[in-house]
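Results of the structural survey
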Amino acid sequence: MTQLLNKVINALEQIILEVIDTNTGTVKWVEGDGEWAIDLFPNAGNQQAFAINEETPFLQDFLFDATLIWQAAENGKLRSGLWTETTHTNKELYLEAIAIKQDQHNLLVITNQREDFEFQQKTKQLAREVLLSYDRLFLKNEYLHTRLLSILKQPPEQSNILTTLTKVIENAEFAVLIASSDFSTNIENSAAIKLFDQGTLISSQPSRPIDIILRLMQNQLPEYERILSTNSSWDGELCWISPPSTLKWLKVAFYPVKNKLNEVENWIIFANDISTIKHLIQRNEQLALQDMLTELPNRFSFLQMLEKHIAAKQPFYLLYIDINDFRRHNEFYGHDQGDKLLIELSKRISAVVKTSDFIARVGGDEFAIMLNNIDNQKACKIAIQRIIDSINKPFHTKKSESFNISISIGAANYPHDGQSVEELMKFVDLSAYNGKKNRKNSVQFYSQSMKDASHHLIIVEQNLRQAIKNNEFELYLQPIIDIKTNRINKAEALIRWNHPEKGLINPDDFIPIAEKSGLIIAIGEWVISRTCQMAKQICDLGFDIKISMNLSPSQVTDNNLFAYLSTCINDNKINPRLLELEVTEGVLVDDYSAAEKLLSNVRTIGMSVSVDDFGTGYSSLSYLKKLPLDFLKIDRSFIKEIVADDNDKAIVRAVISMAHNLNLCVTAEGVETKEQLSFLVDNSCNSVQGYIFSRPIKLDYFIKLLHEQK
């Protein structure tokens, strides 16, 4: 029996040592042999007993913990975990030790885990290769998403959309579904039917693929309600368990297709079966808990840790970090550079959080952090500022191009804000989402007032949508006076919302919400159409008056804007020189290429271009000589104190001089006093607008002013 046992032990590549003296680490060889064991303990020889010493440092270190087991009164055991020992012959051994106390015996079992180690390494490599293949699949998703969007946004009369969509998605190697706004499936490809095939189930009415996906999202995503209420896109992993035999991991991408009123008309859904990679990952404990790209803990690991911290009932802050415009970065620099950015960002954040904190990558461009042992907002803000400072430094591409990014951070406190994983994740997601639209670093702490404000935004957005449908907007005109002739030669078109219950609402109260919600495109088109109508009406009365209209950042980057503008000009049969576009200098700096293309097109047809709010904080003035411009409008903040403030005087003089040297005319906004007007006249400003002449007025009053002037 002893001989058979020894063969089994050798086959398992194990040796059994009995510990004689726990204090000195003296052991006696009991069973097992093999070359690896002799390499590990070359000094053991044929001795009955020998000491484990610094020649095997990792094993010697394990003995300190094992002593507690051997000296205890009760039976027990302790595993060391896998470690590597380098022998005197420079061989690497991959070992695991188990300290055992059984009755009066103190035993040490050492196993050579070479085969397991090699298997794990192969598993890791295979998993990495599979991951890379799924990364390439991501690019295919992006391409198909763009293609489907372009088809769905075509006017129905211009193409047979249903036939075209069916042809495009049928060639996809992954599941593609196109649903209407209420999630009734319009089209699904054969890959979707195959992926969600439930075989011979007891139920005679198998679930539709779209129903399965929605049910999984509702049950597994804290952000599910926010995604639907805000009509947001989402991508991530879902686990589908369908008795008796289905267990699949799905990589799902969920995209809304919106009209100009920001209403969802369709949903595009992609689903890929990633069960293979999940199986590979689950066979390796490290891979199961680690994000392969950044080597940070993954979402699963983070949720586990979050559960543990909540169970410990120790206060902490949870941060949710989202990269602004990450998709635009990927489109501009490429997917590989996007991966490089994520890796670099993870390193920077890891370098500035404490070792007691826990950071993980929980989504495509999303990170989560537990700031432990912090129970006040002030300390949390200090930690957040370290993170922001670290990402404010430029990033670099492989071609040594530099760029900057911004992030949105949501923060919530345990136990004050939420007491469960679901609550905390939902609240930080909502907080980060609230700050995501402004393209700048933002920090939002969860609060009831923030939740109420989000609800208010949703209500205002709904009311705005109704206002567009019910034509509740009005366009006012503010006269612009030519200083040389002292006559009205231009007017600025300013929108007002004539709410049926609240009355007249100023643009400052609804334009920012329209920008965030995407409704600004529809509102902007209404302004263009109405401006053209008013310009035509004024021209037909014999007045040669130019009307300027403000463009939002979203309009500047809208590829359809110039075509719409041209259509309105042609439909109203007006001369384009009667129209002017006003663009803020912030837009010119942030979206230079889009602005340059648009402004060049409008100048070609005879329209003029003005830079609004000039001087409000941008240091680069190179765009002034590069872009096709006609006017600068000095911001009212410089005009307000122009009489008393020497700095404002110097700034205004400098702007006028610079503009004239660049062959640009200058308009001063917010002129309210004779003293301000006198200063501007003395310094050769070209034109002025402000309350000293007129507030914004309705069209009929404006025409009356023109008649009085004539």
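Thresholds, definitions, all that
- Residues numbered from 1 in each chain as written.
- Predicted model: local features only at pLDDT ≥ 70, side-chain atom pairs only at ≥ 80, totals over all residues.
- Heavy atoms only, no water.
- Axes fitted to C-alpha atoms, helices over the stretch in contact; angles between N-to-C directions.
- Helix = DSSP H or I, 4+ residues; strand = E, 2+ residues; numbered from the N terminus.
- Parallel < 35°, antiparallel > 145°, perpendicular 65-115°, else oblique.
- Left-handed = near helix turned anticlockwise from the far one by under 90°.
- Contact = heavy atoms within 4.5 Å.
- Nonpolar A, V, L, I, M, F, W, Y, C, P; charged D, E, K, R; others polar.
- Patch = residues over 30% accessible without salt bridge, like charges linked within 9 Å, V, L, I, M, F, W, Y side chains within 5 Å.
- Areas by Shrake-Rupley, 256 points an atom, 1.4 Å probe, with all protein chains shown as cover.
- Salt bridge = Lys/Arg side-chain N within 4 Å of Asp/Glu carboxyl O.
- pLDDT = per-residue confidence, 0-100.
- Polar contact = N/O pair within 3.5 Å; in protein donor to acceptor, adjacent residues only side chain to side chain.
- Disulfide = S-S within 2.5 Å.
- Pairing = 2+ DSSP bridges.
- Core = buried A, V, L, I, M, F, W, Y, C linked by side-chain atoms within 4.5 Å.
- Buried < 20%, exposed > 50% of the residue type's maximum accessible area, 1.4 Å probe, protein only.
- Expected span 1.5 Å × (residues − 1).

1. Notes on the packing of helix H20 (residues 561-572) against helix H22 (residues 592-604)
At their nearest, the axes of H20 and H22 sit 10 Å apart, and the two run at 20 degrees to each other. As the angle between them shows, H20 and H22 are arranged roughly parallel. For the pair H20 and H22, the sense of crossing is right-handed. Across from Leu561, Phe562 and Leu565 in H20, the residues of H22 making contact are Leu598, Asn601 and Val602. When the residues that make up the contact of H20 with H22 are grouped by side-chain class, the tally is five nonpolar, one polar and no charged.

2. Side note on a nonpolar patch on the surface
Where nonpolar side chains cluster on the molecular surface, the patch consists of Leu4, Val8 and Leu12 and spans about 270 Å² of accessible area. Tracing the backbone through its elements, the reader meets Leu12 in the loop between helix H1 (2-11) and strand S1 (14-21).

3. Here we look at the confidence of the model for the protein chain
On average, residues of the protein chain carry a pLDDT of 83, and 90% of them reach 70 or more. Helix H10 (residues 285-289) is the least confidently modelled element of the protein chain, averaging 63 in pLDDT, while strand S23 (residues 546-550) averages 95, the highest of any element.

4. Some points on the side chain of Ser275
Locating Ser275 in the fold gives a position in helix H9 (residues 275-282). A distance of 3.0 Å separates the side chain of Ser275 from the backbone nitrogen of Trp249, its partner in a polar contact. Among the polar contacts listed, one links the side chain of Ser275 to the side chain of Asp273, at a separation of 2.6 Å. Beyond its immediate chain neighbours, meaning those up to four positions away, Ser275 contacts Leu247, Lys248 and Trp249.

5. Re the state of the cysteines
On inspection of all chains with the given rule, the structure shows zero disulfides. The thiol of Cys568 is not disulfide-bonded; the next cysteine sulfur, from Cys532, is found 5.0 Å away.

6. Topic: the sheet that holds strand S18 (residues 407-414)
On the basis of which strands lie adjacent, the open sheet formed by five strands has the order S14-S15-S13-S18-S19 and mixed pairing. Strands with a single pairing partner mark the edges of an open sheet, and in this sheet they are strand S14 (358-361) and strand S19 (442-445). On average, adjacent strands in this sheet sit at an angle of 15 degrees to one another, irrespective of strand direction. One ladder, built from four bridges, connects S18 with S19; its direction is parallel.

7. Description of the pattern of salt bridges
This structure, assessed with the given rule, holds 17 salt bridges. Between Asp211 and Arg208 there is a salt bridge whose closest N-O contact spans 2.8 Å. Note that Lys633 and Glu582 form a salt bridge whose closest N and O atoms lie 2.8 Å from each other. In this pair, Lys633 sits in strand S26 (residues 631-634) while Glu582 sits in strand S24 (residues 579-584), placing the two residues 51 residues apart along the sequence.

8. What to know about the nonpolar core
Ranked by size, the top nonpolar core spans 79 residues in total, and within it Leu464, Leu477, Ile538, Leu629, Val652, Leu680 and Phe702 carry the most contacts. Counting 29 residues, the second largest nonpolar core, distinct from the first, contains Leu345, Ile359, Phe395 and Phe403.

9. Side note on the packing of helix H18 (residues 520-540) against H20
How two helices sit against one another is set out by the angle between their axes and by the gap between those axes. Where H18 meets H20, the axes come as close as 9 Å, and the angle between the chain directions of the two elements is 25 degrees. Of the possible angle classes, the one that applies to H18 and H20 is roughly parallel. Crossing of H18 against H20: the hand is right-handed. Here H18 contributes Glu525, Ile528, Ser529, Cys532, Gln533 and Lys536 to the contact with H20, which in turn contributes Leu561, Tyr564, Leu565, Cys568, Ile569 and Asn572. Of the residues in the contact of H18 with H20, the class split is seven nonpolar, three polar and two charged.

10. Some details on helix H7 (residues 209-220)
Counted at 1.5 Å a residue, the expected span for H7 with its 12 residues is 16 Å, and the 16 Å between its end C-alpha atoms agrees. Turning to H7, its buried residues number three or more, namely Pro209, Ile210, Ile212, Ile213, Leu214, Leu216 and Met217.

11. What to know about the environment of Pro507
With respect to the helices and strands, the residue Pro507 is situated in the loop between strand S22 (503-505) and helix H17 (511-517). Along the primary structure Pro507 and Arg496 are separated by 11 residues, whereas in three dimensions their C-alpha atoms are 6.1 Å apart. For Pro507, the residues in contact, after removing those within four places along its chain, are Ile495, Arg496 and Pro512.

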